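Tertiary structure, described
So you can see what is in the structure, the chains are spelled out below.
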Amino acid sequence: MSELPHDSSESDPYDASDPFDEIVEAETERDPDLAVIEAGSRTLRTQGGPPQSDIPGRPGNPETDKALREVEAELATRWGETKLEPSVSRIAALMDVLGEPQRAYPSIHITGTNGKTSTARMIEALLSAFDLRTGRYTSPHVQSITERISLDGAAISAERFVETYRDIQPYVEMVDSQQEFRLSFFEVLTGMAYAAFADTPVDVAVVEVGMGGNWDATNVIDGDVAVVTPIDLDHTDRLGTTPGEIATEKAGIVKQDATVILAQQPVDAAQVLLKKAVEVDATVAREGLEFGVVSRQVAVGGQLLTLRGLGGEYEEVYIPLHGAYQAHNAAVALAAVEAFFGVGSQRPEPLDIDTVRKAFAAVASPGRLEVVRRSPTVVLDAAHNPAGARATAEGIREVFDFSRLIGIVGASEDKNVRGLLEAFEPIFTEVVVTQNSSHRAMDADALAAVAVEVFGEDRVQVEPRLDDALEAAITLAEEEAEYAGGGVLVTGSVITVGEARLLLGRG
């Protein structure tokens, strides 16, 4: 792909009258360690309703449900997503015996620390609005394993999921017999997604990395567009202890002659990513320079944006999602789709504005500042690391006028739990610590010990069962008359959020 519009900041004098130059200046002067920035003004505070969700529940047909449970049980016998042997040899072998299905369509590959799934959903919505058949592969799932594989904007049906698994199962077993280690849970699901996309067939696949990039199972594709959402510290035991080290792994998705869409990054991470782009002759577009958020305003149920894309400005773009970080995800998604269509390189004109508006207005991101109940308001957010928690806390402050906010936190034991709790401490009146059903869940008492150090004993309550935690938090939110503006935020893990969603009747 030929080059994107050149970076005017390198050759043209700074124009203080250009609003985008003001954004550039603000972006470059900010603390580079902040993964989420606010570009634009705050206006009306509102409590918007939840966007529509495409999260499936259990199959209604008993036979289908039984078949799906059997597949889930078989997948559960494999290495889980946190047990890794850093290699793509097994997934490459599976692709080989399946006939390289991942080569049957172009792809947009997404990595980063936070915002990957929301950005993937936005990219998918935009591509679909331009009449392309899409396949989307994301992880982890909120409620149903079938969510991970989407076709044309909807989660794959349970029947199709089972059929796809059974179709590739003989090939999976063949590869298992030839490798030192069996294919993992995530590797099999990745193989299923790529096979399902080829079988449909899709016009384009939108693929989210599971962890890292270089040796992630998804990295047997050669993405025409590589997207890197903000990088921060997570999975430090596997990826590195600095943003730069983590970026080294994530840069593995940047392939020869690709276009790279970079969200705002810490300086050391940006240096690594730009160096990799030079090595493989990739073209780069950077948030705050080639594209970005020009302005945003809080609106009922979401926010109204003006975005600077690779082909020009897109005004009055409404997204039914809360938080400054979702505005930046939207800018990244728009630039990725523009790059896919060759805007700024092969074609000078921007994408059709009405189509862009229609696509963004229909975006949903379940479990991301999602309101699932009123009186009191219950919000779900899958923040599971300090950077995500800071973004969530900022979104809560901006959108909701809570006078009393009760947190429900259930986290995984391999996460930076202290950092997560410290990010939420300023906005939580009290916190109810709990645990989800995952084997990775941190014991509620152990989590409580950390919470007491952060919040103090008087602000911490322990309820090991999530249903009890919900009841306790809702009671606390309603406890006193003067706290009529009480609310509840369920957070700490995608699994915790998914289980809370089911308990609250949203699955």
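Quick caveat: nothing in here was measured; it's all calculated off a predicted structure.

1. Re the nonpolar core
Grouped burial of nonpolar side chains is what soluble globular proteins tend to show. Judged by nonpolar contacts, the single largest core of 40 residues is most densely connected at I108, I123, V227, I261, F291, L307 and F360. Secondary-structure elements contributing two or more residues to this core are β1 (107–111), α4 (116–129), β5 (204–208), β6 (225–228), β10 (302–309), β11 (312–319), α10 (324–341) and α11 (353–361). With 10 residues, the top contributor of residues to this core is α10. Membership of the second largest hydrophobic core comes to 37 residues, among which are L68, V71, M95 and V202.

2. Points about the environment of L470
Of note, L470 is situated in helix α15 (residues 466–477). Residues L470 and L489, 19 residues apart in the sequence, show an inter-C-alpha distance of 9.8 Å. Apart from the residues lying within four places of it in its own chain, the contact partners of L470 are I408, V490, A500, L503 and L504.

3. A look at the sheet that holds strand β9 (residues 292–299)
The sheet built from 3 strands is open, its strands ordered β9-β10-β11 with antiparallel pairing. The open sheet terminates on both sides in strands that have one partner only, identified here as β9 and β11. Each strand axis lies, on average, 15 degrees off the axis of its neighbour in the sheet, ignoring direction. Here β9 pairs with β10 via 7 bridges, running antiparallel. What sits directly across from R296, in β10, is L305. Of the strands in this sheet, β10 and β11 are in contact with α11, which crosses β11 at around 30 degrees.

4. So, the packing of aromatic side chains
Counted under the stated rule, the structure contains 8 aromatic pairs. Residues F340 and F341 carry aromatic rings whose centres are separated by 5.7 Å and whose planes lie at 75 degrees to one another, so their mutual orientation is edge-to-face. Relative accessible area serves as the criterion here: at 22%, F341 is assigned to the partly exposed category. A ring pair is formed by F400 and F402, whose centres lie 5.2 Å apart and whose planes are at 10 degrees; its orientation type is stacked. Within the aromatic cluster, the residues linked to one another by ring pairs are F130, F340 and F341.

5. Overview of the packing of helix α3 (residues 89–97) against helix α5 (residues 158–178)
Contact pair α3 / α5: the axes reach a minimum separation of 9 Å and the direction vectors enclose 135 degrees. Taken together, the axes of α3 and α5 lie oblique to each other. As for the relative orientation of α3 and α5, their crossing is right-handed in sense. Of the residues in α5, those touching α3 at R90, A93, L94 and V97 are Y171, V172, M174 and V175. When its residues are assigned to classes, the contact of α3 with α5 shows 7 nonpolar, no polar and 1 charged.

6. Side note on the pairing of β5
Along any regular strand the residues' side chains alternate between the sheet's two faces. Of all the 5 residues making up β5, 5 are buried; the element is thus mostly covered by neighbouring parts of the structure. Pairing between β1 and β5: 4 bridges, direction parallel. Note that in β5 the partner of I108 across the bridge is V206. Bridge count for strand β2 (residues 134–137) against β5 is 4 bridges, and the pairing is parallel. Looking across to β5, one finds that T134 is bridged to V204.

7. With respect to α4
The end-to-end C-alpha separation of α4 is 20 Å, in line with the 20 Å expected for 14 residues at 1.5 Å each. Residues K116, T117, S118, T119, A120, R121, M122, I123, E124, A125, L126 and L127 constitute the buried set of α4. Downstream of α4 by a residue or two, D131 has a phi angle that is positive, lying close to 65 degrees.

8. Notes on the packing of helix α13 (residues 417–424) against helix α14 (residues 444–455)
Between two packed helices, both the angle of their axes relative to each other and the distance between the axes serve to describe the pair. Orientation of α13 relative to α14, taken along the N-to-C sense of each, is 40 degrees, at an axis distance of 10 Å. Relative to α14, the element α13 is oriented oblique. Here α13 and α14 pass one another in a crossing that is right-handed. Here V417, R418, L421, E422 and F424 of α13 lie close against α14, whose contacting residues are L447, V450, A451, E453, V454 and F455. Here the contact of α13 with α14 is built from residues that sort into 8 nonpolar, no polar and 3 charged.

9. Focus: the side chain of E147
Among the secondary structure elements, E147 is positioned in the loop between β2 and β3 (149–151). Among buried charged residues, E147 stands out as having no salt bridge; its nearest opposite-charge side chain is R121, 5.4 Å away. Engagement of the side chain of E147 in a polar contact is seen with the backbone nitrogen of Q143, the distance being 2.5 Å. Engagement of the side chain of E147 in a polar contact is seen with the backbone nitrogen of S144, the distance being 2.6 Å. When neighbours within four sequence positions are excluded, E147 is seen to be in contact with I55, P56, R136, T138, H141, V142 and A155.

How each quantity is defined
Each chain carries its own residue numbering, running from 1 in the written order of its sequence. The predicted nature of this model means local features are confined to residues of pLDDT at least 70 and side-chain atom pairs, given and counted, to a pLDDT of 80 or more, with totals for whole chains, interfaces and linings taken over all residues. Values reported for side chains reflect all heavy atoms of the structure, with hydrogen atoms and water molecules removed beforehand. Buried residues of nine kinds, namely Ala, Val, Leu, Ile, Met, Phe, Trp, Tyr and Cys, make up a nonpolar core once their side-chain atoms join them within 4.5 Å. Each residue's exposure class comes from its accessible area (1.4 Å probe, protein chains only) as a fraction of the maximum for that residue type: buried when under 20%, exposed when over 50%, partly exposed otherwise. Helix and strand definitions here come from DSSP, where helices need a minimum of 4 consecutive H or I residues and strands a minimum of 2 consecutive E residues; each element is numbered from the N-terminal end. Contacts are assigned to residue pairs with any non-hydrogen atoms lying within 4.5 Å of each other. Two strands pair if DSSP finds at least two bridges between them. In this description, a line fitted to the C-alpha atoms serves as the axis of each element, helices being fitted only across the stretch in contact, and the angle between N-to-C directions of two axes falls anywhere from 0 to 180 degrees. Only centres within 6.5 Å qualify two rings of Phe, Tyr or Trp (six-membered ring in Trp) as a pair; their planes then separate them into stacked at under 30 degrees, edge-to-face at over 60, and tilted for everything else. Any angle that is under 35 degrees is reported as roughly parallel, and any over 145 degrees as roughly antiparallel; angles of 65 to 115 degrees are reported as roughly perpendicular and all others as oblique. Throughout, a crossing is termed right-handed when the near helix is turned clockwise from the far one, and left-handed when it is turned anticlockwise from it by less than a right angle. Note on residue classes: Ala, Val, Leu, Ile, Met, Phe, Trp, Tyr, Cys and Pro are nonpolar, Asp, Glu, Lys and Arg are charged, and everything else, Gly too, is polar. By this rule the span expected of a helix is its residue count minus one, scaled by 1.5 Å. All tallies of charge rest on Lys and Arg as positive and Asp and Glu as negative; His and the ends of each chain are not included. Here, a salt bridge means any Lys or Arg side-chain nitrogen found within 4 Å of an Asp or Glu carboxyl oxygen. For this analysis, a polar contact is any N or O atom pair within 3.5 Å, provided that within protein one partner can donate a hydrogen and the other can accept it, and provided that sequence-adjacent residues contribute only side-chain to side-chain pairs.

By themselves, these observations are geometric and do not establish any function.
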